[in-house]
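Commentary on secondary and tertiary structure
Here's the letter readout for the chains.
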Amino acid sequence: MVIFMVIETKVYKKNQTTIPAVYRKKYDVQPDDIVEWEENDRGEIVISFRKKLSFRDMMGSGTVKTKTNAVQLEKELYE
């Protein structure tokens with residue numbers, strides 16, 4: 001037997017809502033984390049959480065075969 005938990009939250013002015021505590025704790029959701037909303041092919045909304053990454057967090061995490069200018073790339077990113 002499978003039991004599903006349904007939790008309701010209210011949408012406030014400016015379309016704000018609260019992430020239920022049980023999910024904040026389970027998924028370690030912190031201030032400035034990102035909530036991603038995706039609709040699947042059955043019309044269901046899938047919600048996922050991820051940590052906010054800055055450009056500096058991502059620097060050095062990938063490699064390219066051509067030479068790049070990190071300062072110029074950062075300038076272009078924020079234009």
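Below: a short report on this structure. (Residues numbered from 1 in each chain as written. Predicted model: local features only at pLDDT ≥ 70, side-chain atom pairs only at ≥ 80, totals over all residues. Heavy atoms only, no water.)

With 0 of 6 residues buried, strand 1 (residues 34-39) is to be regarded as a mostly surface element. Linking strand 1 back to strand 2 (residues 45-50) in an antiparallel pair, the connection comprises 5 residues, with Gly43 at a positive phi of about 80°. (Buried < 20%, exposed > 50% of the residue type's maximum accessible area, 1.4 Å probe, protein only. Helix = DSSP H or I, 4+ residues; strand = E, 2+ residues; numbered from the N terminus. Pairing = 2+ DSSP bridges.)

Okay, the packing of aromatic side chains next. Applying the stated criterion to the full structure yields 1 aromatic pair. Centroid distance Tyr27 to Phe49: 5.8 Å. Interplanar angle 35°. Geometry classified as tilted. Taken together, the positions of Tyr27 in the loop between helix 1 (21-26) and strand 1 and Phe49 in strand 2 put the pair 22 residues apart, joining distant regions of the chain. (Phe/Tyr/Trp six-rings, centres within 6.5 Å; stacked < 30°, edge-to-face > 60°.)

Let us now look at the layout of surface pockets. Here the largest pocket defines a volume of roughly 440 Å³. Residue lining of the largest pocket: 15 residues in total, with Pro20, Tyr23, Trp37, Ile47 and Phe49 positioned closest to the centre. Listing elements by their share of the lining of the largest pocket, those giving two or more residues are helix 1, strand 1 and strand 2. Of the residues forming the lining of the largest pocket, the biggest block, 4 residues, is contributed by strand 2. Considered class by class, the residues forming the lining of the largest pocket number 11 nonpolar, 3 polar and 1 charged. (1 Å grid on protein atoms, 1.4 Å probe; cavity = no way out; pocket = protein on both sides within 12 Å on 5 of 7 lines; lining within 4 Å. Points joined across faces, edges and corners; volume = space filled by probe spheres on them. Nonpolar A, V, L, I, M, F, W, Y, C, P; charged D, E, K, R; others polar.)

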